[in-house]
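# Notes for the structure review
Take a look at the letters that make up each chain.
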Amino acid sequence: MFTAASSVLAFDTVILDPGHGAHDRGAAIGYVYEKHLALDTARRVEQLLKKEGLKVIMSRSRDVFIPLQDRSALGNSKGGAIFVSIHYNYNRGGSGSGAETYYHFSNSYMLAAYIQAYLVQRSGMTNRGVKSANFHVIRATTKNPAVLVECGFVSNSSERARMMTGEFRKRIAEGIAQGIVAYRKAE
């Protein structure tokens with residue numbers, strides 16, 4: 001019989017979900033669109049995870065629109081997997097800063113905590129913490145642990161300037177990938 005911990009951590013596939021796409025730009029200021037940042041970051045995470053021997057399924061690998069229910073259906077489509085949705089944040093006042101990771105079900109909390117810790121450590125961003133939320137993709141992904149990562153604020157001019165550089169997105173991707181690998185090894 002599996003314990004809850006070992007069955008949660010026994011995964012060999014990571015389903016990466018770059019948020020938004022096509023007509024859904026996500027957070028945007030000028031020509032800086034969340035959909036592009038999320039896709040670039042997810043592709044970087046994909047390459048890092050493959051080097052670690054993990055299988056990776058991308059909800060999208062180009063600028064297309066994927067409905068929320070299709071994203072969560074993909075999250076539920078395979079056993080022995082985890083689901084990680086990648087986003088960039090926005091605050092109307094422009095005052096928000098930092099990274100935060102969301103979960104819905106308690107079996108996803110540790111995955112969120114590992115990703116958040118490594119993301120903050122690698123990127124140097126403000127730690128906004130691990131939070132419970134009711135976002136569709138993590139609420140409707142019930143078969144596997146599922147988290148949604150907010151990788152900084154497009155609306156914050158200094159964070160936006162940093163996230164526009166490949167080096168900063170590389171550090172964000174490294175943090176997410178390191179968090180996933182550490183979670184997997186934490187049996």
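Structure: see above.
Rules used in this analysis
Residues numbered from 1 in each chain as written. Predicted model: local features only at pLDDT ≥ 70, side-chain atom pairs only at ≥ 80, totals over all residues. Heavy atoms only, no water. Axes fitted to C-alpha atoms, helices over the stretch in contact; angles between N-to-C directions. Helix = DSSP H or I, 4+ residues; strand = E, 2+ residues; numbered from the N terminus. Parallel < 35°, antiparallel > 145°, perpendicular 65-115°, else oblique. Left-handed = near helix turned anticlockwise from the far one by under 90°. Contact = heavy atoms within 4.5 Å. Core = buried A, V, L, I, M, F, W, Y, C linked by side-chain atoms within 4.5 Å. Buried < 20%, exposed > 50% of the residue type's maximum accessible area, 1.4 Å probe, protein only.

### Side note on the packing of helix α2 (residues 34-51) against helix α7 (residues 166-185)
- Contact geometry of α2 with α7 gives a least axis separation of 8 Å together with a crossing angle of 50 degrees. Between α2 and α7, the crossing angle belongs to the class labelled oblique. Regarding α2 and α7, the two cross each other, and that crossing is right-handed. When α2 is examined against α7, the residues L37, D40, T41, R44, V45, L48 and L49 are found in contact with a partner set consisting of G166, R169, K170, I172, A173, E174, I176, A177, I180 and V181.

### What to know about the nonpolar core
- Among the nonpolar cores identified, the biggest contains 38 residues, and V14, L49, V84, I86, I176 and I180 are the most heavily contacted of them.
- Looking at this core, the elements that each hand over two or more residues are β1 (13-18), α2, β4 (55-58), β5 (81-89), β6 (99-103), α4 (109-123), β8 (146-153) and α7.
- At eight residues, the largest contribution of residues to this core is made by α7.
- Ignoring sequence-local partners within four residues, the contact set of I86 consists of L16, D17, P18, G19, A38, T41, A42, V45, V149, C151 and I176.
- The next biggest cluster of nonpolar side chains, apart from the first, holds nine residues, and it includes I15, A81, A133 and L148.

### Observations concerning unusual backbone geometry
- For H20, which is not glycine, the phi torsion reads 65 degrees and is therefore positive.
- Looking at the secondary structure, you find H20 in the loop between β1 and β2 (28-29).
- Classification of H20 as buried rests on a relative accessible area of 19%.
- Positive phi is not limited to glycine here, since A22 has a value of about 55 degrees.
- Inspection of the secondary structure puts A22 in the loop between β1 and β2.
- Taking relative accessible area as the criterion, A22 reaches 25% and is therefore assigned partly exposed.

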